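Each chain, letter by letter, is given below.
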Amino acid sequence: MGGTAWLEAQAFLIKIKDEMLARALDTLDAEIKAGRAAINGRLVTAVEQNDSETRMFVLDNIVDNADAIIRRHSQSIEELERSGSLDAATVERIEELKRFLLAVGKMKMLYDYSVELGGWASEVSADTPGSSIVGILSYGITDYRKEMLDFMRKNPGDALDDAEMGMIASILSG
């Protein structure tokens, strides 16, 4: 690996970063498909806008407002549940809101992971100590970064191959 290990470490982090962002967007898509989230009208009217830009715009807004969304809807759910007189439709609506709030939390977590991974990739340079990807990434590890890598280890999907999963395990055990 020698002199290119830092570039390979950057590429590895960017691959995981892109996967986290893709998962956040997939979560948004699932919420839209389930009818728990909707994109009404044109949020951005630029001619060059495409669906992925719209999805990113919506995701950014959800993430930026996640705490307020969760707080507002949680209060509404609590008020409805305290009222005691819930019909089947109201109970179903509460359950749908709870699913949406879980999805908002998931989108925020994945998006935040993506941002942190991008920052970590930017920190890695030719001067970063270590002669392998594992060594270089072990140098910059923090508790939060361990959390992200552990999440990836526990939820691999198809993004990483066995060798990459092995690198994650080595970084986490170091």
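A brief look at the structure comes next. (Residues numbered from 1 in each chain as written. Predicted model: local features only at pLDDT ≥ 70, side-chain atom pairs only at ≥ 80, totals over all residues. Heavy atoms only, no water.)

Turning our attention to the nonpolar core. Grouped burial of nonpolar side chains is what soluble globular proteins tend to show. Counting residues in hydrophobic clusters, the biggest one holds 44 residues, and the most contacted among them are Phe12, Ile16, Leu59, Trp120, Leu137, Leu160 and Ile168. Residue assignment for this core shows that the elements contributing at least two residues are helix H1 (5-33), helix H2 (51-64), helix H3 (66-83), helix H4 (88-123), helix H5 (133-139), helix H6 (143-154) and helix H7 (162-173). For this core, the leading source of residues is H4, giving 13 residues. In this structure, Ile168 is in contact with Phe12, Ile16, Leu149, Met152, Arg153 and Leu160, ignoring residues within four places of it in sequence. (Core = buried A, V, L, I, M, F, W, Y, C linked by side-chain atoms within 4.5 Å. Buried < 20%, exposed > 50% of the residue type's maximum accessible area, 1.4 Å probe, protein only. Helix = DSSP H or I, 4+ residues; strand = E, 2+ residues; numbered from the N terminus. Contact = heavy atoms within 4.5 Å.)

The subject of this paragraph is the side chain of Thr27. Mapped onto the elements of the fold, Thr27 is located in helix H1. The class of Thr27 is buried, set by a relative accessible area of 9%. Among the polar contacts made by the side chain of Thr27, one reaches the main-chain carbonyl oxygen of Arg23 at a distance of 2.9 Å. Once residues lying within four places of it in the same chain are set aside, the contact partners of Thr27 are Ala103, Lys106, Met107 and Leu110. (Polar contact = N/O pair within 3.5 Å; in protein donor to acceptor, adjacent residues only side chain to side chain.)

For the rest of this paragraph, the subject is the packing of H6 against H7. Interhelical geometry of H6 versus H7 gives an angle of 140 degrees and a closest axis separation of 10 Å. The angle between H6 and H7 falls in the class oblique. As for how H6 packs across H7, the hand of that crossing is left-handed. Across from Lys146, Leu149, Asp150, Met152 and Arg153 in H6, the residues of H7 making contact are Met165, Ile168, Ile171 and Leu172. Considered class by class, the residues forming the contact of H6 with H7 number six nonpolar, no polar and three charged. (Axes fitted to C-alpha atoms, helices over the stretch in contact; angles between N-to-C directions. Parallel < 35°, antiparallel > 145°, perpendicular 65-115°, else oblique. Left-handed = near helix turned anticlockwise from the far one by under 90°. Nonpolar A, V, L, I, M, F, W, Y, C, P; charged D, E, K, R; others polar.)

None of the figures reported here should be taken as evidence of function without further support.
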